[in-house]
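One-letter residues, chain by chain:
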Amino acid sequence: MGKRLVRTVAAVLAVVALSAGLGTAQASAAPTSGVNDWSCRPSSAQREPVILLHGLGASGGLNWFTKAPLIAAAGYCVFTPTYGVGAFGIGGLQSMRDSAAEVGRFVDQVRSTTGAAKVNLVGHSEGTTVSAYYMKLLGGAAKVRSFVGFGSNYKGTTLYGLSTLAHAVAPVLDPVLKSVCGSCLEYLPPSSFLTD
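Draft legend 1. Representation of the pairing of strand β3 (residues 119–124) within the structure. Burial analysis of β3 places five of its six residues in the buried class, the great majority of the element. In this sheet, β3 lies alongside strand β1 (residues 50–53) in parallel orientation, the contact comprising four bridges. Bridging from a neighbouring strand, Leu-52 pairs with Val-122 of β3. Bridging between β3 and strand β4 (residues 144–150) involves six bridges; their strand directions are parallel. By the bridge assignment, Gly-123 is partnered in β4 with Gly-149. The parallel pair β3 and β4 is bridged by helix α5 (residues 126–137), and the resulting crossover is right-handed.

Put into structure tokens, the structure is as follows:
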């Protein structure tokens, strides 16, 4: 029964990942006028660069397909990285600790390239959690002027009670999830990541 469950979960994750990957490919091929333009320079100190951080299983291009060009058109340097890339090239699947460090390096790159002292972070879902970890535990607060988060998930999720099942099958499921979606395990309370 245990091996069958692992194969079933792996198959479901593969289908979800493949579906999200197709959306990611479509979004990255779409025009993003003024977005991820490394030659962009802020027009003033009040218009610091904006970094948009996607949610679990998404990408910058997919999650911010409509909003990023609007913010760029308003005169901001806008960047939408895809962090925590895991299976099938899907973002947000790696450990959120690693993703927060990756975001930190991206923030440094944006600051260095644009000449801005600070950036503004906007996070959606996992993007809020990764931002919070970066700002609170990795020194990011000194590099961020403003942070906006929506669909925040600071306390994790019980998946409408499915976390009880996940914990019950943890000995079988954890090795699969760690290799496919480290952030998924970190979101299931209690987790050491959420405690941090």
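Draft legend 2. How the structure looks around the side chain of Thr-80. Among the secondary structure elements, Thr-80 is positioned in the loop between β2 (78–79) and α4 (96–114). The exposure class of Thr-80 is buried, given its relative accessible area of 8%. Apart from residues no more than four positions distant in its own chain, Thr-80 is found in contact with Val-35, Asn-36, Leu-52, Gly-60, Gly-61, Trp-64 and Ala-68.

Draft legend 3. Structural context of the side chain of Asn-153. Locating Asn-153 in the fold gives a position in the loop between β4 and α6 (162–168). Residues contacting Asn-153, with those up to four places away along its chain left out, are Ser-125, Thr-128, Thr-129 and Tyr-187.

Draft legend 4. Representation of the pairing of β1 within the structure. Along β1, one buried face is formed by Val-50 and Leu-52 and the opposite face, lined by Ile-51 and Leu-53, is buried too. Where β1 lies against β2, two bridges are found, and the strand directions are parallel. Looking at the pairing, Ile-51 lines up with Phe-79 of β2.

Draft legend 5. Here's a closer look at the environment of Arg-47. Structurally, the position occupied by Arg-47 is in the loop between α1 (2–29) and β1. Put simply, Arg-47 and Ala-74 are 27 residues apart on the chain and 9.6 Å apart in space, counted from C-alpha to C-alpha. Those residues in contact with Arg-47, other than ones at most four positions away along the chain, are Pro-42, Ala-74, Gly-75 and Tyr-76. In terms of polar contacts, Arg-47 uses its side chain to reach the backbone carbonyl oxygen of Ala-74, at 2.7 Å.

Scoring rules and cut-offs
Residues numbered from 1 in each chain as written. Predicted model: local features only at pLDDT ≥ 70, side-chain atom pairs only at ≥ 80, totals over all residues. Heavy atoms only, no water. Buried < 20%, exposed > 50% of the residue type's maximum accessible area, 1.4 Å probe, protein only. Helix = DSSP H or I, 4+ residues; strand = E, 2+ residues; numbered from the N terminus. Pairing = 2+ DSSP bridges. Right-handed = clockwise from strand over helix to strand, strands pointing away. Contact = heavy atoms within 4.5 Å. Polar contact = N/O pair within 3.5 Å; in protein donor to acceptor, adjacent residues only side chain to side chain.

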